[in-house]
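Given next are the chains, with one letter for each unit.
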Amino acid sequence: MNINTVRKGYMISGTDYVFSCYIVTDTDNKEHGVPLDEANTDYQAIMEFIADGGTVIDNPPEETP
């Protein structure tokens, strides 16, 4: 996977938003949802991206669901 940007994805759980996946924009500007699963090769690529100094955008929703 050729990573351009990575941001955290959130879902509603009860009355809160919960970090549930990574959303990757690749070098072709296509978005991919990546589950929080260490066995997933795209997840592993994100971990390598972070280890190499890549930044993860974290903009959690501000409103309560």
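The notes below deal with the structure included here. These numbers were taken from a predicted model, which means no experiment stands behind them.

It is worth spelling out the packing of aromatic side chains at this point. For the structure on display, the rule yields 3 aromatic pairs. Here the aromatic residues Y10, F19, Y22 and Y43 are joined through ring pairs into a cluster of three or more. Between K8 and the ring centre of F19, over which it is positioned, the NZ or CZ distance is 4.7 Å.

Turning next to the nonpolar core. By size, the foremost hydrophobic cluster in this structure holds 7 residues: I3, V6, Y22, V24, V34, Y43 and I46. Within the residue set of this core, elements represented by two or more residues are β1 (3–13), β2 (16–26) and α1 (41–51). Those residues in contact with I3, other than ones at most four positions away along the chain, are V24, T25, T27, A45, I46 and F49.

Note on placement: D52 falls in the loop between α1 and β4 (56–57). When the C-alpha atoms of D52 and G9 are compared, they prove to be 21 Å apart, with 43 residues separating the residues in sequence.

This brings us to the pairing of strand β3 (residues 31–35). One ladder, built from 5 bridges, connects β2 with β3; its direction is antiparallel. In the strand pairing of β3, V24 is matched with H32.

Here is what the cut-offs are and how they apply
Residues numbered from 1 in each chain as written. Predicted model: local features only at pLDDT ≥ 70, side-chain atom pairs only at ≥ 80, totals over all residues. Heavy atoms only, no water. Phe/Tyr/Trp six-rings, centres within 6.5 Å; stacked < 30°, edge-to-face > 60°. Lys NZ or Arg CZ within 6 Å of the ring centre and 35° of its normal. Core = buried A, V, L, I, M, F, W, Y, C linked by side-chain atoms within 4.5 Å. Buried < 20%, exposed > 50% of the residue type's maximum accessible area, 1.4 Å probe, protein only. Helix = DSSP H or I, 4+ residues; strand = E, 2+ residues; numbered from the N terminus. Contact = heavy atoms within 4.5 Å. Pairing = 2+ DSSP bridges.

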